[in-house]
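So the chains spell out like this:
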Amino acid sequence: MSLQIRLSCILQRNRLRDSVCPRQRITEHAELRGHKRKQDEQHSNDSDSDVRFLVLAGAQGDQRINAKKKDDDGVEIEKSNVLLLGPTGSGKSTTLYACLNRINSPDKNILTVEDPVEYQLAGISQMPVNAKIGLTFATGLRSYLRHDPDVIMVGEIRDGETAKIAVESALTGHMVFSTLHTNDAPGAVTRLDEMGVEPFLTASSLVGVLAQRLIRVLCPRCKEEIEITYEELLKSLPDFPHDGKKPTDTIKIHKAKGCIACNNTGYKGRQGVFEFLQVTNEMRELIIKRASAAEIKELAIKQGMHTLRQEGIDKILEGSTSVEEVLRVLV
Ligand SMILES: [Zn+2]
């Protein structure tokens with residue numbers, strides 16, 4: 001069991017004897033039964049302290065207590081909201097966990113609400129949602145906010161209420177990571193609007209949107225180099241870059257063949273392709289004006305965003321995937 005204490009704005013983690021937690025809960029008159037439901041308590045026992053406790057059943061079976069002193073100003077961190085997009089199985093949870101792992105440190109209070117907890121991360125408090133006891137993404141988020149987290153990860157924004165709290169959390173100085181179901185990065189901005197988040201709030205809180213997909217990698221043992229004319233290639237991939245090329249000019253690409261090593265599929269392993277939309281000042285103005293996803297996409301590309309499709313084409317040029325695979329995954 002560990003106890004995190006924020007002293008002079010710095011969060012410190014100490015390991016404690018198991019007996020400390022039940023003892024503290026008795027002192028706090030907390031409910032000893034019903035461990036699965038979170039218990040949120042607050043009391044003031046003298047003039048200079050205001051102690052707030054949150055006890056909940058974490059994914060690792062541990063209970064967590066956060067305490068905050070009244071005179072604690074909290075840590076100033078950049079207001080931010082980062083969204084990850086992609087269909088089920090596109091690897092967005094893996095990316096999300098990689099982000100949390102990257103910023104995880106003993107001085108950061110990182111809390112997650114997930115459905116379900118897919119990976120367990122040391123040093124991070126992970127709470128699975130449980131509809132039976134009324135613990136949803138929205139209620140979990142609300143109770144977390146009273147405990148001064150630095151970073152919050154919401155497994156998925158599925159409804160307007162969760163979307164609004166996530167945006168409010170970012171605006172009040174928390175770093176928020178979440179996922180949303182839309183096809184591409186520009187679509188996330190309009191999706192938040194449809195969910196009832198005011199565009200000026202989205203514009204002030206969102207720092208970036210990352211869309212991702214996983215595409216199969218050609219088997220290095222059997223992939224076959226072929227020569228194809230631009231004319232042929234453009235029939236299936238009209239957006240393939242061909243500046244200054246004649247239709248009859250050829251290009252070398254690779255295609256899948258199949259061998260024992262790849263179980264005759266022609267592919268071995270997968271790789272991520274990403275589209276990152278950065279919310280710049282100019283982009284903020286567009287969001288506030290309720291611009292369409294197409295307008296947002298146009299500006300993002302002008303500002304250097306590489307689309308999923310362009311990333312896929314780069315992988316074809318590198319020889320790591322085939323035209324067929326890009327067409328299958330990146331419509
Ligand atoms: Zn092979």
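Because the structure is predicted, anything quoted here is derived from the model rather than measured.

**Quick notes on the pattern of salt bridges**
Think of it this way: side chains of opposite charge can pair up when their charged atoms draw near.
Part 1 of the argument: All told, the structure shown has seven salt bridges when counted by the stated rule.
Part 2 of the argument: Residue Arg-191 pairs with Glu-194 through a salt bridge whose shortest N-O separation is 3.3 Å. Of this pair, Arg-191 and Glu-194 both sit in helix H5 (residues 185–194), three residues apart, which is roughly one turn of that helix.
Part 3 of the argument: Taking the relative accessible area as the measure of exposure, Arg-191 reaches 27% and is therefore partly exposed.
Part 4 of the argument: The exposure class assigned to Glu-194 is exposed, which follows from its relative accessible area of 61%.
Part 5 of the argument: Residue Arg-216 is joined to Glu-325 by a salt bridge in which the shortest nitrogen-to-oxygen separation is 3.0 Å. Here Arg-216, found in strand E11 (residues 206–218), pairs with Glu-325, found in helix H11 (residues 323–329); they are 109 residues apart in sequence, far enough to count as distant.
Part 6 of the argument: Overall, the relative accessible area of 27% leaves Arg-216 in the partly exposed class.

**Considering the packing of H5 against helix H9 (residues 293–302)**
Part 1 of the argument: Between H5 and H9, the least distance of the axes is 8 Å, while the angle of their chain directions is 140°. Relative to H9, the element H5 lies oblique. Read as a crossing pair, H5 and H9 show a hand that is right-handed. For the pair H5 and H9, the contacting residues are Pro-186, Gly-187, Val-189 and Thr-190 in the first and Ala-293, Ile-296 and Lys-297 in the second.

**Concerning the packing of helix H8 (residues 281–288) against H9**
Part 1 of the argument: The N-to-C vectors of H8 and H9 enclose an angle of 175°; their axes lie 10 Å apart at closest approach. Classified by the interaxial angle, the pair formed by H8 and H9 is roughly antiparallel. From H8, Glu-282, Met-283 and Leu-286 reach across to H9, where they touch Glu-295, Ile-296, Leu-299, Ala-300 and Lys-302.
Part 2 of the argument: Each residue belonging to the contact of H8 with H9 can be placed in one class, and the counts come to five nonpolar, no polar and three charged.

Thresholds, definitions, all that
Residues numbered from 1 in each chain as written. Predicted model: local features only at pLDDT ≥ 70, side-chain atom pairs only at ≥ 80, totals over all residues. Heavy atoms only, no water. Salt bridge = Lys/Arg side-chain N within 4 Å of Asp/Glu carboxyl O. Helix = DSSP H or I, 4+ residues; strand = E, 2+ residues; numbered from the N terminus. Buried < 20%, exposed > 50% of the residue type's maximum accessible area, 1.4 Å probe, protein only. Axes fitted to C-alpha atoms, helices over the stretch in contact; angles between N-to-C directions. Parallel < 35°, antiparallel > 145°, perpendicular 65-115°, else oblique. Left-handed = near helix turned anticlockwise from the far one by under 90°. Contact = heavy atoms within 4.5 Å. Nonpolar A, V, L, I, M, F, W, Y, C, P; charged D, E, K, R; others polar.

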